[in-house]
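What follows is each chain in one-letter form.
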Amino acid sequence: MPDGQEVHYGDYVQDDRVHKAVYADQAVYESELDNIFHKKWIYIGHESQVPNPGDYWTTWVGKERMIMSRGSDGAVHVLYNRCPHRGSLICNNEHGNAGKAFRCPYHAWQFYMDGSVRQVPMKQGYDGVIDYKDPQFSMVRAERQGNYRGFIFASLSTEGEDLETYLGQGARAAFDDICNRSPQGEAEIVANCFRIIQHSNWKIFLENQLDAVHPSITHHSTGDAAAAMQKKYKDKTGDDAPMGYQFLADFTLPFEKWDSLQTVGFPNGHTQLTGYMGLRPRDPVTLAHEAALTDAYGAERMDEILSTNVHHVIVYPCLSVQPPLQQLRAVRPLGPNKTLTEIWHFRLKGAPDGIYERALAYYYHVNSPSTMVNADDLNNFRAIQEGLAMVGGGDWVSLHRNAGQDTVDNGVTHSVTGMSEMPMRNMFAAWKQFMTEGN
Ligand code: FES
Ligand SMILES: [Fe+2]
């Protein structure tokens, strides 16, 4: 933007390009926290992280430190991690079981798992001074919390769409597809997660997830090495190599294959990549899964469930989900150029062990911090951030691929090819809407 001109964040986003300031400017970042992370529905965790009364798990929503807890009545609560006495963090550990109550480490005020006061030590000092039932002496609850099929979200604003409406069909599909693959209709998180601090903006990670042009370039060497090992294994043993090799070999698919996929953009920035992997081979694990789902739901419904081929879903602005492989990555921004990602995976209740082993293999081989795939991406993210932080060299980031060729039907955008930059344009349309709708 020219010097001296008043900046409107909406001007940073055009139909086919965005200004570099959206990735690198501290003021833009602070405004993102106010207008997006502290207002919209943000993923907290899965209810199975707190299976027992007294269990808690801490996390962030934007700049705010939050606690997810389970009360003695079984209810899940989302609270600010702040003591109403003198303001200390209540939980300094990442997770644990607090027993009947949280106990502040500073002066030992105690709070039930819903945040209400249980006990205050030496309370004669307060006799006739305060009423503990006054909400100002309780831990504060998230302004709103919601649960979609076991996935807990919070919004730190009292206003806006309810959770289901906000997620819409596009984002709900992520959780439906995970849960429907369980013969019991439920998923269970496998604790703990991997964590990565990325030295790059949170949006760079989300954009990369549905960027179907980069895999055969960035991950070419990884894919080639895996394909070579796969062949060697088969030549030597006569058997197919373990599935992990295929997960990596898929990264070197020819461009025609990526081209044939499709991405779908939904309101609020939620975006899907459909197709990609055929996960219904005729191996014994898949057959056992089909049998378990047929027992639970009948053959027709089993076929419908396993034919759902949504490989990847961005739940904007906080999640990347790969439902057929039960993977979820949560994005926690820590600054314009610093982002924490939590990498989780799930077990499908009632599904054969081999289905879990498949999820675990993908978790280790593709999404873990130690995989070569992730290392390739992290290096790109760092290099992008460093390029965007420069003063010279250009101000704009191009999102032109297949611009103007997407088809929009009833608010849902279909890309003309899997390699279109429609997902980035769709996420930025929501970004622009969120950043300017309060003005
Ligand atoms: S700050 Fe928590 S009890 Fe004093
Ligand atoms: Fe990648």
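Owing to the predicted nature of the structure, the values given are computational and were not obtained by experimental measurement.

### A closer look at the overall build of the protein
Regarding its fold elements, the protein presents 13 helices and 22 strands. Since a compact globule built from 439 residues should have a radius of gyration of about 22 Å, the 23 Å found for the protein is in line with a globular shape. Projected onto its principal axes, the C-alpha coordinates of the protein cover approximately 80 × 65 × 40 Å. Counting across all 439 residues of the protein, residues that qualify as buried make up 42%. For the protein, the proportion of contacts with a sequence separation of at least 24, taken over those separated by at least 6, is 65%.

### As for the domain arrangement of the protein
Split by domain assignment, the protein resolves into domain 1 (46-151) and domain 2 (169-212 + 261-436). Placing a centre on the C-alpha atoms of domain 1 and another on those of domain 2 gives a separation of 32 Å. Each partner contributes residues to the interface: domain 1 has 8 residues there, and domain 2 has 10 residues. Here the residues of the side of domain 1 that touches domain 2 sort into 3 nonpolar, 4 polar and 1 charged.

### As for the environment of N380
Examined against the element boundaries, N380 turns out to sit in helix α12 (residues 372-388). Taking the C-alpha atoms as reference points, N380 and I204, separated by 176 residues in sequence, lie 9.5 Å from one another.

### Some thoughts on helix α6 (residues 220-237)
End to end, α6 covers 26 Å across 18 residues, agreeing with the expected 26 Å (1.5 Å per residue, within 8%). Looking only at α6, the buried set comprises T222, G223 and A226. Projected onto a plane normal to the axis of α6, the buried residues spread over an arc of 95° and lie on a single side. Facing away from the buried side of α6 by over 90 degrees, the exposed positions are S221, A228, K232, D235 and K236. Considering only its buried residues, α6 is in contact with α7 (243-249) and α12. The first or second residue beyond α6 is G238, which carries a positive phi of 80°.

### Quick look at the nonpolar core
Membership of the largest hydrophobic core comes to 106 residues, with the highest contact counts inside it found for Y43, M66, M68, F153, A154 and V315. Formed jointly, this core draws a minimum of three residues from each of two domains, domain 1 (46-151) and domain 2 (169-212 + 261-436). With residues near it in sequence (within four places) discarded, F153 still touches W41, I42, Y43, I44, Q145, G146 and L163.

### Here's the deal with the sheet that holds strand β8 (residues 110-111)
Read across the sheet, 3 strands follow the order β7-β8-β9 without closing on themselves; strand pairing throughout is antiparallel. What marks the edges here is a single partner per strand, and that holds for β7 (102-103) and β9 (117-119). As paired elements, β8 and β9 share 2 bridges and run antiparallel to each other. Across the sheet, Q110 pairs through a bridge with Q119, a residue of β9.

### Thoughts on unusual backbone geometry
Here the residue pair A191 and N192 is connected by a cis peptide bond, since its omega of 0° sits within 30 degrees of zero. Checked against the element boundaries, N192 lands in the loop between β12 (187-189) and β13 (194-198). One non-glycine residue, A108, lies in positive phi territory at about 65°. Structurally, A108 is set in the loop between β7 and β8. For A108, a count of 12 C-beta atoms within 10 Å gives the class exposed. Unlike most non-glycine residues, N402 shows phi in positive territory, near 60°. With respect to the helices, strands and loops of the structure, N402 is situated in the loop between β20 (396-398) and β21 (407-409). Under the C-beta neighbour-count criterion, N402 is labelled partly exposed, with 16 such atoms within 10 Å.

### Brief notes about the packing of helix α4 (residues 202-209) against α12
Between α4 and α12, the least distance of the axes is 10 Å, while the angle of their chain directions is 130°. By the angle between their axes, α4 is oblique relative to α12. Between α4 and α12 lies a crossing of right-handed hand. Here I204, F205 and N208 of α4 lie close against α12, whose contacting residues are D377, F381, I384 and Q385. Looking at the contact of α4 with α12 residue by residue, the class counts come to 4 nonpolar, 2 polar and 1 charged.

### Overview of the sheet that holds strand β11 (residues 151-155)
Within the open sheet, the 3 strands sit side by side as β2-β11-β10. Their pairing is antiparallel. Looking at which strands have only one partner, the edges of the open sheet turn out to be β2 (42-46) and β10 (144-148). Adjacent strand axes in the sheet meet at a mean angle of 30° when their direction is disregarded. Where β10 lies against β11, 5 bridges are found, and the strand directions are antiparallel. If you follow R144 over to β11, its bridge partner there is S155. With respect to the sheet, helix α3 (residues 163-180) is in contact with β10 and β11, its orientation differing from that of β10 by roughly 30°.

### Looking at the pairing of strand β5 (residues 76-80)
Where burial is concerned, most of β5 is hidden: 5 out of the 5 residues are buried. Burial along β5 is two-sided: V76, V78 and Y80 and H77 and L79, pointing in opposite directions, are all buried. Relative to β5, strand β4 (residues 64-70) is paired through 5 bridges, and the arrangement is antiparallel. Within β5, the position partnered with M66 by the bridge is Y80. Count of turn residues in the β4/β5 antiparallel hairpin: 5 residues, of which G74 carries a positive phi of about 90°.

What counts and what doesn't
Residues numbered from 1 in each chain as written. Chains lettered and ligands numbered in written order. Predicted model: local features only at pLDDT ≥ 70, side-chain atom pairs only at ≥ 80, totals over all residues. Helix = DSSP H or I, 4+ residues; strand = E, 2+ residues; numbered from the N terminus. Rg over C-alpha atoms; globule rule 2.2 N^0.38 Å. Buried ≥ 20, exposed ≤ 12 C-beta atoms within 10 Å, placed from the backbone. Contact = placed C-beta atoms within 7 Å. Domains from an automatic or database assignment. Nonpolar A, V, L, I, M, F, W, Y, C, P; charged D, E, K, R; others polar. Expected span 1.5 Å × (residues − 1). Arc of directions from axis to C-beta. Core = buried A, V, L, I, M, F, W, Y, C linked by C-beta atoms within 7 Å. Pairing = 2+ DSSP bridges. Axes fitted to C-alpha atoms, helices over the stretch in contact; angles between N-to-C directions. Parallel < 35°, antiparallel > 145°, perpendicular 65-115°, else oblique. Left-handed = near helix turned anticlockwise from the far one by under 90°.

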